[in-house]
Amino acid sequence: MSLKISAYTQVHTSKLREVFLESRKLAFPWKDPKEFRLNHFDEVIKDEKVLVALHDDIPIGFIAWWPPASFIHSLFIDPNFVGRGIGKLLLEGCMEQISLPASLKCLKANEAALRFYKKHSWVIEDSGLSPDGDYFLLSFGKNND
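What counts as what
Residues numbered from 1 in each chain as written. Predicted model: local features only at pLDDT ≥ 70, side-chain atom pairs only at ≥ 80, totals over all residues. Heavy atoms only, no water. Helix = DSSP H or I, 4+ residues; strand = E, 2+ residues; numbered from the N terminus. Rg over C-alpha atoms; globule rule 2.2 N^0.38 Å. Contact = heavy atoms within 4.5 Å. Areas by Shrake-Rupley, 256 points an atom, 1.4 Å probe, with all protein chains shown as cover. Lys, Arg positive; Asp, Glu negative; His and termini not counted. Charge placed at Lys NZ, Arg CZ, Asp CG, Glu CD. Salt bridge = Lys/Arg side-chain N within 4 Å of Asp/Glu carboxyl O. Pairing = 2+ DSSP bridges. Axes fitted to C-alpha atoms, helices over the stretch in contact; angles between N-to-C directions. Buried < 20%, exposed > 50% of the residue type's maximum accessible area, 1.4 Å probe, protein only. Arc of directions from axis to C-beta. Core = buried A, V, L, I, M, F, W, Y, C linked by side-chain atoms within 4.5 Å.

Chemist: Is there a simple way to explain the overall build of the chain in this structure?
Modeler: Each helix and strand counted, the chain has four helices and seven strands in total. Counted from the first residue to the last, the chain has its helices and strands arranged as β-α-α-β-β-β-α-β-α-β-β. Computed over the C-alpha atoms, the radius of gyration of the chain is 14 Å, within 12% of the 15 Å expected from 2.2 N^0.38 for a compact globule of 145 residues. Overall, the chain is about 40 × 35 × 30 Å in size when its C-alpha atoms are taken along their principal axes. If you take every contact in the chain between residues at least 6 apart in sequence, the share linking residues at least 24 apart comes to 58%. As displayed, the chain offers around 8100 Å² of accessible surface, 50% of which is attributable to carbon and sulfur atoms. If the 18 positive side-chain charges of the chain are averaged to one point and the 19 negative ones to another, these points end up 2 Å apart.

Printed below as a string of structure tokens:
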């Protein structure tokens, strides 16, 4: 598999909209899929730093974070490529650029994502409630790595 991690450019937008839409349906099966829209991708990455996973130069995933707060907002992989280490590569690429400590929120119901982050040494710091449901606040590099 020819895979590389690259900085996001506008040429990636169309395919990443599709990836974001389809991967959210898989990650959040308890939500009505009609709530998800292609243009949500544009809203999610606005003013964010974004890295893209490319397979044969086709976008298959991305990670987006807000540098001023070192806060990761999104990590999504094309459902056809889940379980192949792409999320790990994107997270590693982000961690090379982000200031520590870093943080993120993960919905409690998204058990696969929680397992992924815990496997990569992220620690639950707190919990809360958002419009999407109960979440955990996780951190990395805060006396826990």
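There's more to say after this.
Chemist: I'm lost on the environment of Phe116 in this one. Help?
Modeler: Residue position: Phe116 is located in helix 4 (residues 111-119). Residues Phe116 and Lys88 lie 28 residues apart in sequence; the distance between their C-alpha atoms is 8.5 Å. For Phe116, the residues in contact, after removing those within four places along its chain, are Leu75, Gly87, Lys88 and Leu91.

Chemist: Hey, could you run me through the pattern of salt bridges in this one?
Modeler: Any two side chains of opposite charge can pair, on the condition that their charged atoms come close. Considering all chains together, one arrives at nine salt bridges under this definition. With a closest N to O distance of 4.0 Å, Glu125 and Lys142 form a salt bridge. In this pair, Glu125 sits in strand 6 (residues 123-130) while Lys142 sits in the segment after strand 7 (133-140), placing the two residues 17 residues apart along the sequence. Via salt bridges that share partners, Lys31, Glu35 and Asp132 belong to a single interconnected network.

Chemist: Explanation requested: the sheet that holds strand 3 (residues 58-66) in the structure shown.
Modeler: Each strand in a sheet pairs with another by means of backbone hydrogen bonds, the pair being arranged parallel or else antiparallel. One open sheet holds the seven strands; their spatial order is 1-2-3-4-5-7-6, and the pairing between them is mixed. Two strands in the sheet have a free side with no partner beyond their single neighbour: strand 1 (3-7) and strand 6. With strand direction ignored, the average angle separating the axes of adjacent strands in the sheet is 25 degrees. Here six bridges tie strand 3 to strand 4 (residues 71-77), and the two strands are oriented antiparallel to one another. Counted as the bridge partner of Gly61 is Ile77 from strand 4. Across the sheet, helix 1 (residues 13-27) lies against strand 2 (49-55), strand 3 and strand 4, angled at about 80 degrees from strand 3, the strand it touches most. Along the sheet face, helix 3 (residues 86-95) touches strand 1, strand 2, strand 3, strand 4, strand 5 (102-107) and strand 7 and points at about 155 degrees away from the line of strand 4.

Chemist: Please clarify how helix 4 should be interpreted in this entry.
Modeler: Along an α-helix, residues three or four positions apart point the same way, because every turn accommodates 3.6 residues. Among the residues of helix 4, Ala113, Leu114 and Tyr117 are the ones counted as buried. Each buried residue of helix 4 sits inside an arc of 100 degrees when the element is viewed along its axis, so together they form one side. Exposed residues on helix 4 whose side chains face more than 90 degrees from its buried face are Glu111, Arg115 and Lys119. Residues of helix 4 that are buried in the fold lie against strand 4, helix 3, strand 5 and strand 7.

Chemist: Please explain the nonpolar core as it appears in this structure.
Modeler: Formed by 24 residues in total, the largest nonpolar core has its most connected members in Ile63, Ile72, Leu90, Met95, Tyr117 and Trp122. Once residues within four sequence positions are removed from consideration, Trp122 is found in contact with Ile72, Leu91, Met95, Ala102, Ser103, Leu104, Tyr117, Leu138, Ser139 and Phe140. By size, the runner-up hydrophobic cluster in this structure holds 18 residues, among which are Val19, Leu21, Ala27 and Ala64.

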